[in-house]
Amino acid sequence: MSLDLSSVIAATTQWLIRAYPAADGAMNAALAEAQARQAVTVAAWLRYPTTTDAALVTMAGPGGSYRLDWLVDAEPYEIRGPDGVWRTWVDEVVASWAAALLTCSTLAAEAVAALADCEHAAGSPREFRRLTEPDAHDWQAAPLMRHPDLMACVVDLHRPQLLERLRLLRSDDQTPTSAA
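Residues numbered from 1 in each chain as written. Predicted model: local features only at pLDDT ≥ 70, side-chain atom pairs only at ≥ 80, totals over all residues. Heavy atoms only, no water.

Draft legend 1. How the structure looks around the overall build of the protein. Across its full length, the protein holds 10 helices and zero strands. Scanning the protein from its N terminus toward the C terminus, one meets helices and strands in the order α-α-α-α-α-α-α-α-α-α. Within the protein, buried positions represent 41% of all 180 residues. Long-range pairs, those at least 24 residues apart, make up 82% of the contacts in the protein between residues at least 6 apart in sequence. (Helix = DSSP H or I, 4+ residues; strand = E, 2+ residues; numbered from the N terminus. Buried < 20%, exposed > 50% of the residue type's maximum accessible area, 1.4 Å probe, protein only. Contact = heavy atoms within 4.5 Å.)

Here it is, written out as structure tokens:
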């Protein structure tokens, strides 16, 4: 995980697993959190592809979870309360993109492939199997997070921007280099 985006990744992961809780049991909770963290990491790296982008969001802040909470009809929270601090680090676009990746394994695989030259991934292991190839245990652990209808309100917020980002990354990969 990129240290520059660690607060955004941690907070957005926390928001996803609270808004769409895992099935009962400690193992299910751990598997659901792993899936959410992988999706959020991929989404954050796509949204903020350079260390400069990450530094800017760290300086300015990502916006918080207020609109997401309203959208999923979560209980209102007090910004000065115990949840207030981490909720300010939730990134709405990253949450939307992560939701899109969790509900479509094909899109998730395409997004992971697009990270091949990502600055954040350099020198770190990148294993996103729980996101791209969920097994039966993954599906059982996170049925709400993996359900396209239940996640649609979050996915629909910024899915077109995710598709455009992936389209641009594909077209960059297919641009021929000129011979000297």
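Draft legend 2. Here's a closer look at the side chain of Asp138. As for its position among the elements, Asp138 is in helix α9 (residues 136–141). By relative accessible area, which is 0% here, Asp138 ends up buried.

Draft legend 3. Representation of the nonpolar core in the model. Core analysis: the largest hydrophobic core is formed by 46 residues, its most contacted members being Trp15, Leu16, Leu101 and Met145. Residue assignment for this core shows that the elements contributing at least two residues are α1 (6–19), α2 (26–47), α3 (51–60), α6 (92–102), α7 (105–114) and α10 (148–173). (Core = buried A, V, L, I, M, F, W, Y, C linked by side-chain atoms within 4.5 Å.)

Draft legend 4. Seen up close, the side chain of Arg146. In this fold, Arg146 is placed in the loop between α9 and α10. Among buried charged residues, Arg146 stands out as having no salt bridge; its nearest opposite-charge side chain is Asp138, 5.7 Å away. A polar atom in the side chain of Arg146 sits 2.9 Å from the backbone oxygen of Leu102. Once you skip the residues sitting within four places of it in the chain, Arg146 turns out to touch Gln35, Leu101, Leu102, Thr103, Ser105, Arg130, Leu131, Pro134 and Trp139. (Lys, Arg positive; Asp, Glu negative; His and termini not counted. Salt bridge = Lys/Arg side-chain N within 4 Å of Asp/Glu carboxyl O. Polar contact = N/O pair within 3.5 Å; in protein donor to acceptor, adjacent residues only side chain to side chain.)

Draft legend 5. Layout of the packing of aromatic side chains. Counted by the stated rule, this structure contains two aromatic pairs. Ring plane angle 75° and centroid distance 6.4 Å describe the contact between Trp15 and Tyr20, whose orientation is recorded as edge-to-face. An identical accessibility class is assigned to Trp15 and Tyr20; each is buried. Arranged with centres 6.1 Å apart and planes meeting at 90°, the rings of Trp45 and Phe128 form a pair that is edge-to-face. One end of the pair, Trp45, is in helix α2; the other, Phe128, is in the loop between α7 and α8 (129–132), and 83 residues separate them in sequence. Per residue, the accessibility class of Trp45 equals that of Phe128, and both read buried. (Phe/Tyr/Trp six-rings, centres within 6.5 Å; stacked < 30°, edge-to-face > 60°.)

Draft legend 6. Representation of the layout of surface pockets within the structure. By volume, the largest pocket amounts to about 230 Å³. Lining the largest pocket are 15 residues, and of these Ala114, Leu115, Asp117, Cys118 and Leu169 lie nearest its centre. At the level of elements, α2, α7 and α10 are the ones that each hand at least two residues to the lining of the largest pocket. The leading source of residues in the lining of the largest pocket is α10, at four residues. Looking at the lining of the largest pocket, its residues break down into nine nonpolar, one polar and five charged. (1 Å grid on protein atoms, 1.4 Å probe; cavity = no way out; pocket = protein on both sides within 12 Å on 5 of 7 lines; lining within 4 Å. Points joined across faces, edges and corners; volume = space filled by probe spheres on them. Nonpolar A, V, L, I, M, F, W, Y, C, P; charged D, E, K, R; others polar.)

Draft legend 7. Spatial organisation of the packing of α1 against α2. At a closest axis distance of 9 Å, the pairing of α1 and α2 adopts a crossing angle of 135°. Relative to α2, the element α1 is oriented oblique. Of the two possible hands of crossing, α1 and α2 adopt the one that is right-handed. In this structure, α1 uses Val8, Ile9, Ala10, Thr12, Thr13, Leu16 and Ile17 to contact α2, whose residues at the interface are Ala32, Glu33, Ala36, Arg37, Val40, Thr41, Ala44 and Trp45. (Axes fitted to C-alpha atoms, helices over the stretch in contact; angles between N-to-C directions. Parallel < 35°, antiparallel > 145°, perpendicular 65-115°, else oblique. Left-handed = near helix turned anticlockwise from the far one by under 90°.)

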